[in-house]
Amino acid sequence: MSLKGKDIVSIRDLSKEEIELIHKKAEEMEPYAKGEKPCKLMEGKILGTLFFEPSTRTRLSFTSAMQRLGGNVMGFEGVNVTSVAKGESLTDTIKTVERYCDLIVIRHPMEGAARLAANVSTKPVINGGDGGNQHPTQTLLDLYTIKKMKGKIKGLNVTLLGDLKYARTMRSLATALAMFDANLTLVSPKGLEMSKDILGEIEKNFNIKPRQIYDIETGVKDADVIYICRIQKERFEDKFEAEKIQKAFRITPEVLKSCKEEVAILHPLPKVTEIDPRVDDMRCAKYFDQTFYGVPIRMAIIGLVSGVIK
Amino acid sequence: MSEELKVKKIKDGTVIDHIKAGKGKKVLDILGVENGFPNVTALLMNVPSKRVGKKDIVKIENKTLKKDEVDKIALVAPHATWNVIKDFKVINKSKIELPDTLEGVIKCPNPKCVTNMNEPVNSKFKVEEKEPVKLRCMYCERLFDLEDLI
């Protein structure tokens with residue numbers, strides 16, 4: 001199996017075996033990701049980072065990953081300083097940038113932008129998030145983190161908590177966890193449940209039926225892993241109601257009393273109020289470790305699609 | 001075409017037969033038949049059919065179908081038949097079938113889809129289910145029912 005030349009646009013494009021290969025290579029990359037060993041696998045190569053909208057973790061971890069591999073990075077964040085501000089199409093931007101670099105990471109507010117870029121580019125394209133659609137490297141690092149924390153994914157009780165309707169992270173993660181035979185519990189406010197399309201796809205492809213719960217205590221009780229994401233106030237017309245819901249779906253030390261002792265809490269970050277700051281120092285808080293795993297995962301992806309890691 | 005239908009045979013043009021009863025109007029919409037449409041057009045509704053019970057038939061004079069029109073008709077009238085008429089005779093008869101992918105046929109209903117930006121790209125859908133129709137946009141990856149699309 002080789003991922004050389006492959007675009008990483010959607011988690012739907014990856015087989016279980018390909019995901020396992022990326023995880024295996026990420027594990028091998030960890031000492032390099034920590035800077036414990038030097039690495040020159042991507043020496044002389046350039047990664048183009050095209051961030052048409054702001055990002056902290058994704059952009060910086062891709063930059064770190066490429067530099068840890070000994071390569072260089074060029075790119076932009078925001079469109080004000082680029083030809084896009086003059087009305088250039090994405091297609092033309094890609095056709096230009098691919099001539100300056102060896103592979104491309106793109107983040108774009110329009111859904112399907114990474115697929116378009118991949119179709120246009122002769123160089124591998126990695127999706128760093130396309131609107132509300134996909135963010136495959138986040139999903140790959142989320143799965144990897146769970147595997148690192150728990151030693152396996154199969155049979156684990158994973159609770160996805162928060163806005164399951166709009167958060168792209170949750171939708172791709174649910175599909176990927178089902179692929180790896182996790183038991184899924186979905187906890188969300190009414191109206192922000194995971195879409196029927198995703199649930200139908202999970203059931204059809206993996207024969208898994210996640211359970212839907214509307215109160216946090218019940219939803220987290222048996223969890224080995226709780227993956228929480230932000231519920232945005234903008235989703236609700238009534239701001240008072242929004243605040244009430246945000247409070248009701250918040251992880252606090254009190255909520256954690258009803259959880260398993262070894263539960264791991266993950267979050268794609270940035271977090272705002274959905275996790276009580278007192279939780280940050282508790283043993284179960286794994287979200288900052290999770291952000292680190294973004295580096296070896298992205299090193300593995302860069303190396304595999306470039307063909308320098310086999 | 002049997003005599004009892006009381007609709008004259010057309011000399012040259014297209015007959016779309018075996019349209020599921022009630023969908024004939026949709027086929028006319030797809031072909032842009034509305035006030036001001038220049039060609040002679042007939043829509044026969046609820047015609048008794050041995051095969052499907054009741055069917056609709058559309059006849060349009062001096063009209064040939066383009067591939068994207070056939071693909072679009074397949075969305076609303078799978079299993080319909082498409083007859084090309086020349087000099088009152090059927091010179092070609094084929095089944096209208098929904099292909100596995102539809103390119104440039106319909107617009108993606110998702111306003112945030114990149115295919116709705118000013119990019120030189122056609123919409124592209126994968127047919128995930130044929131009956132009832134479910135299409136997934138191959139760009140934004142959203143799944144749509146027929147009602148969302150036409």
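Residues numbered from 1 in each chain as written. Chains lettered and ligands numbered in written order. Predicted model: local features only at pLDDT ≥ 70, side-chain atom pairs only at ≥ 80, totals over all residues.

Undergrad: Just checking my understanding: could you explain the overall build of chain A for this structure?
TA: Of regular secondary structure, chain A possesses 11 helices and nine strands. Relative to the compact-globule value of 19 Å for 310 residues, chain A shows a C-alpha radius of gyration of 19 Å, a close match. For chain A, the C-alpha atoms occupy an extent of roughly 55 × 45 × 40 Å along the three principal directions. Each of the 310 residues in chain A was classed as buried or not, and the buried ones make up 47%. Within chain A, residue pairs in contact and separated by at least 24 positions form 74% of the contacts whose partners lie at least 6 positions apart. (Helix = DSSP H or I, 4+ residues; strand = E, 2+ residues; numbered from the N terminus. Rg over C-alpha atoms; globule rule 2.2 N^0.38 Å. Buried ≥ 20, exposed ≤ 12 C-beta atoms within 10 Å, placed from the backbone. Contact = placed C-beta atoms within 7 Å.)

Undergrad: Before we go on, may I ask you to explain the overall build of chain B in this structure?
TA: Tallying secondary structure elements over chain B gives three helices and nine strands in all. Seen in sequence order, chain B has helices and strands lined up from the N terminus as β-α-β-β-α-β-β-β-β-β-β-α. Expressed along its principal axes, the backbone C-alpha trace of chain B runs to roughly 50 × 30 × 25 Å. Burial analysis of chain B (150 residues in total) assigns 36% to the buried set. In chain B, the share of contacts with a sequence separation of at least 24, taken over all contacts with a separation of at least 6, comes to 60%.

Undergrad: I'm lost on the environment of E17 of chain A in this one. Help?
TA: Among the structural elements, E17 of chain A can be located in helix α1 (residues 16–33). Residues E17 of chain A and G78 of chain A, spaced 61 residues apart in sequence, show a C-alpha to C-alpha distance of 35 Å.

Undergrad: Could you clarify how one ought to interpret the domain arrangement of chain B in this entry?
TA: The accessible area lost on association of the parts is a frequent measure of interface size. All names here are of chain B. Here the domain parsing of chain B yields domain 1 (9–95) and domain 2 (101–149). Its C-alpha centre places domain 1 at a distance of 24 Å from the equivalent point of domain 2. Counting residues at the interface gives five residues for domain 1, matched by nine residues for domain 2. (Domains from an automatic or database assignment.)

Undergrad: Teacher, can you tell me more about the sheet that holds strand β9 (residues 143–145) of chain B here?
TA: By way of backbone hydrogen bonds, the strands of a sheet pair with one another, either parallel or antiparallel. Residue and element names in this part refer to chain B. Within the open sheet, the four strands sit side by side as β6-β7-β8-β9. Their pairing is antiparallel. Single-partner strands in this sheet number two, and they are β6 (101–103) and β9. Between one strand and the next, the sheet's axes are offset by a mean angle of 30°, whatever the strand orientation. Relative to strand β7 (residues 124–130), β6 is paired through three bridges, and the arrangement is antiparallel. What sits directly across from T101, in β7, is K126. (Pairing = 2+ DSSP bridges. Axes fitted to C-alpha atoms, helices over the stretch in contact; angles between N-to-C directions.)

Undergrad: Explain the nonpolar core here, please?
TA: In a soluble, globular protein the nonpolar side chains are often hidden away together inside. Residues I104, A117, L160, A174, I226 and I302 of chain A are the most contacted members of the largest nonpolar core, which totals 126 residues. Filtering out sequence-adjacent residues up to four positions away, L160 of chain A remains in contact with M170, L173, A174, L184, L186 and Y227 of chain A. (Core = buried A, V, L, I, M, F, W, Y, C linked by C-beta atoms within 7 Å.)

Undergrad: I'm lost on the domain arrangement of chain A in this one. Help?
TA: All names here are of chain A. Once the domains are mapped, chain A shows domain 1 (11–134 + 292–306) and domain 2 (137–290). Between domain 1 and domain 2, the contact holds 18 residues from the first and 18 residues from the second. Taken together, the elements giving at least two residues each to the side of domain 1 that touches domain 2 come down to α1, β4 (125–130) and α11 (287–306). The element contributing the most residues to the side of domain 1 that touches domain 2 is α11, with six residues. Per-class residue counts for the side of domain 1 that touches domain 2 are nine nonpolar, six polar and three charged. (Nonpolar A, V, L, I, M, F, W, Y, C, P; charged D, E, K, R; others polar.)

Undergrad: Please explain the sheet that holds β4 of chain A as it appears in this structure.
TA: All names here are of chain A. Read across the sheet, four strands follow the order β2-β1-β3-β4 without closing on themselves; strand pairing throughout is parallel. Looking along the sheet, the strands with just one partner apiece sit at the ends: β2 (72–77) and β4. Across this sheet, the average inter-strand angle for adjacent strands is 10°, counted without regard to direction. When strand β1 (residues 46–51) meets β2, the two strands line up parallel, connected through six bridges. By the bridge assignment, L47 is partnered in β2 with V73. Each of β1, β2, β3 (103–108) and β4 is contacted by helix α2 (residues 57–68), which is oriented at about 175° to β1, the strand it contacts most.

Undergrad: What exactly am I supposed to notice about the environment of G132 of chain A here?
TA: Considering the arrangement of structural elements, one finds G132 of chain A in the loop between β4 and α5 (136–150). Between the C-alpha atoms of G132 of chain A and A167 of chain A, which are 35 residues apart in sequence, the distance is 6.9 Å. Contacts of G132 of chain A, omitting those with residues within four sequence positions, involve E111, Y166 and R168 of chain A together with K112 of chain B.

Undergrad: So what exactly am I meant to see when it comes to the pairing of β4 of chain A here?
TA: Side-chain direction in a regular strand flips from residue to residue, so the side chains alternate between the two faces of the sheet. Residues and elements named next belong to chain A. Most of β4 is tucked away: six of the six residues are buried. One ladder, built from four bridges, connects β3 with β4; its direction is parallel. Note that in β4 the partner of I104 across the bridge is V125. You can see the chain leave β3, run along helix α4 (residues 113–120) and come back into β4, and the turn it takes is right-handed. (Right-handed = clockwise from strand over helix to strand, strands pointing away.)

Undergrad: Explanation requested: helix α3 (residues 90–97) of chain A in the structure shown.
TA: Residues and elements named next belong to chain A. Buried within α3 we find L90, T93, I94 and V97. Projected down its long axis, α3 carries its buried residues within an arc of 95°, all on one side. Where α3 is buried, its residues touch β1, β3 and α4. (Arc of directions from axis to C-beta.)

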